[in-house]
Amino acid sequence: MNNRLNFTLIFVCVLSWWFGSAQAVEMDARFDHFTTGFPLSGQHVRTACEACHVKGVFKGTPQQCGSCHNGGIAPGKHARHIASSNTCDDCHTTLAWTGAHMDHNLVTGRCDSCHNGRTAEGKPTKHIPTSNGCGTCHSTVAWKPTTFRHENITVRCDTCHNGRTAEGKSPSHVPTGGADCNACHRTTDWKFDHRNITSACGSCHNGKTATGKSNNHVPTTAECNTCHSTRNWKFDHSNVTGRCDVCHNGKTATGKSNNHLQTALD
C-alpha cells in the first residue's frame, strides 16, 4: 500500500513539473524581452535565462554590462585589458568580444601601452626619435594628419628637416658650417632667431644674403647692431657716441627747421 502511495505521489510530482515546464517554455516563447528596456541581441539571445536571472528572480536584474561581465557571472575584462573606464558596450557589440570599435575617450593609460607594435600598431622603424606620447602629435581618429610638437624630440632638427622627410634648407640658405636649424630658427616657424648668432651682422646683411644698407644709408663702418635692433631696422640711439647733428643735419636725417631758434648747441 505504501509503495503504491509513494509511486502515486512521485507520478503527480513529475506531471506537475512537466506541465509547469511546458507552461514556462510557452510563456518564455510569448514573452517580449523588449518591454524590459533590455532587448536581447547577439549572444544574449542564446544565453539561458537563469544565467542572468539568478535563482529565478526577474525583478531588479541589472542592465549594465559590468554587473554580469565581471569575471564571475560572465566573462569580464581580462588582466591585459586596456586601462579604461569605458563600459563594455562603448567598444564591444553583443555579437562577440572581438572586432571591437575602439573608443579612446575614456582610456586612462598611455597610448603606447597598447600602440607598441604588438597589441596595436605602434611607431614604425622610421619614426622620429622622441619620448612624446602618441597623443602629443596624433589624434585618436587617424595617424595622419599630425599636429607636430617638437617638445622632447631627441635628435638634431636636420634629421627630419633635410628636404625629404620635412622641409629643409633652401638652395639660397646662408652657409652655416654645420649648425643645426635651432641655432637660428624657432620650432613654431622659420622666422629667424638672432639669439645664437656670433658672427658680425654684415656677414649676412650685405644686400645679397639678407637686407643690407640702403643706398641712402648714413656712411658708416659700424656693424648693424650699433644702431639697429634684431627686431626691426628702427634706429637705436643707445650706442651713438657722436653729436646728434652729425646725422641730424637735414640731409642724412631730419635736422633743424628753417624757423628753428638760432643756436650752436647740439
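Calculation notes
Numbering of residues starts from 1 in each chain and follows the order in which that chain's sequence is written. Given that this is a predicted model, residues contribute local features only at a pLDDT of at least 70 and side-chain atom pairs are listed and counted only at 80 or more, while totals for whole chains, interfaces and linings are drawn from all residues. Hydrogen atoms and water are omitted, and side-chain values are computed over all heavy atoms in the structure. Numbering of helices and strands runs from the N terminus, with a helix taken as a DSSP run of H or I at least four residues long and a strand as a DSSP run of E at least two residues long. Burial here depends on accessible area, computed with a 1.4 Å probe over protein chains only, as a share of the maximum for the residue type. Under 20% is buried, over 50% is exposed, and the range in between is partly exposed. Every residue pair with non-hydrogen atoms within 4.5 Å of one another is taken to be in contact. Residue exposure ignores everything except the shown protein chains as possible cover, and the areas themselves are Shrake-Rupley values with a 1.4 Å probe. Criterion for a disulfide: a pair of cysteine sulfur atoms within 2.5 Å. Polar contacts, as counted here, are pairs of nitrogen or oxygen atoms within 3.5 Å of one another; within protein the pair requires one atom able to donate a hydrogen and one able to accept it, and residues that are adjacent in sequence qualify only if both atoms are side-chain atoms. Here, a salt bridge means any Lys or Arg side-chain nitrogen found within 4 Å of an Asp or Glu carboxyl oxygen. What pLDDT conveys is the predictor's confidence in a given residue, as a value from 0 to 100.

Enquirer: Just checking my understanding: could you explain the overall build of the protein for this structure?
Expert: Scanning the protein from terminus to terminus reveals four helices and zero strands. Taking all 266 residues of the protein together, the buried fraction comes to 9%. Of the contacts formed within the protein by residues at least 6 apart in sequence, a portion of 23% connects residues at least 24 apart. Per element, the accessible surface of the protein, about 21400 Å² overall, is 58% carbon and sulfur.

Enquirer: What's the story with the state of the cysteines in this structure? I'm lost.
Expert: What makes a disulfide is a covalent bond joining the sulfur atoms belonging to two cysteines. Scanning the entire structure with this criterion turns up zero disulfides. The cysteine Cys88 is free of any disulfide, with Cys65 supplying the nearest cysteine sulfur at 4.6 Å. For the unlinked cysteine Cys247, the closest cysteine sulfur is that of Cys227, found at 7.4 Å. Taking the relative accessible area as the measure of exposure, Cys247 reaches 23% and is therefore partly exposed.

Enquirer: Got a minute to help me understand the side chain of Thr130 in this structure?
Expert: Inspection of the secondary structure puts Thr130 in the segment after α4 (88-91). Here Thr130 falls in the buried class, since its relative accessible area comes to 16%. At a separation of 3.0 Å, a polar atom in the side chain of Thr130 contacts the main-chain amide nitrogen of Asn132. Residues in contact with Thr130, not counting those within four places in the same chain, are Lys123, Glu151, Asn152, Ile153 and Thr154.

Enquirer: I would appreciate a short explanation of the environment of Gln43 in the present structure.
Expert: In this structure, Gln43 sits in the loop between α1 (2-30) and α2 (49-52). Spatially, the C-alpha atoms of Gln43 and Ala96 are 7.3 Å apart, while their sequence positions differ by 53 residues. With residues near it in sequence (within four places) discarded, Gln43 still touches Thr94 and Leu95.

Enquirer: Is there a simple way to think about the pattern of salt bridges in this case?
Expert: Side chains that differ in sign of charge can pair as their charged atoms come close. Scanning the model with the defined rule gives five salt bridges in all. One continuous salt-bridge network, built from bridges that share partners, spans Arg156, Asp158 and Asp180.

Enquirer: Would you take a moment to explain the side chain of His53 for this structure?
Expert: Mapped onto the elements, His53 comes out in the loop between α2 and α3 (65-68). A distance of 2.9 Å separates polar atoms of two side chains, one belonging to His53 and the other to Thr61. Not counting residues within four places of it along the chain, the set of residues in contact with His53 comprises His33, Phe58 and Thr61.

Enquirer: Help me out: how do you make sense of the confidence of the model for the protein in this one?
Expert: As a general rule, the predicted coordinates of low-pLDDT regions are not to be interpreted in detail. For the protein, per-residue confidence averages 78 on the pLDDT scale, and 89% of positions sit at 70 or higher. Contacts for the low-pLDDT stretch residues 11-27, under 50 throughout, to residues beyond four places or in other chains number zero contacts.

Enquirer: Could you clarify how one ought to interpret the environment of Leu106 in this entry?
Expert: One can find Leu106 in the segment after α4. Between the C-alpha atom of Leu106 and that of Thr87, which follows or precedes it by 19 residues, the distance is 9.4 Å. In this structure Leu106 touches Ser84, Ser85 and Asn86, once residues within four positions along its chain are discounted.

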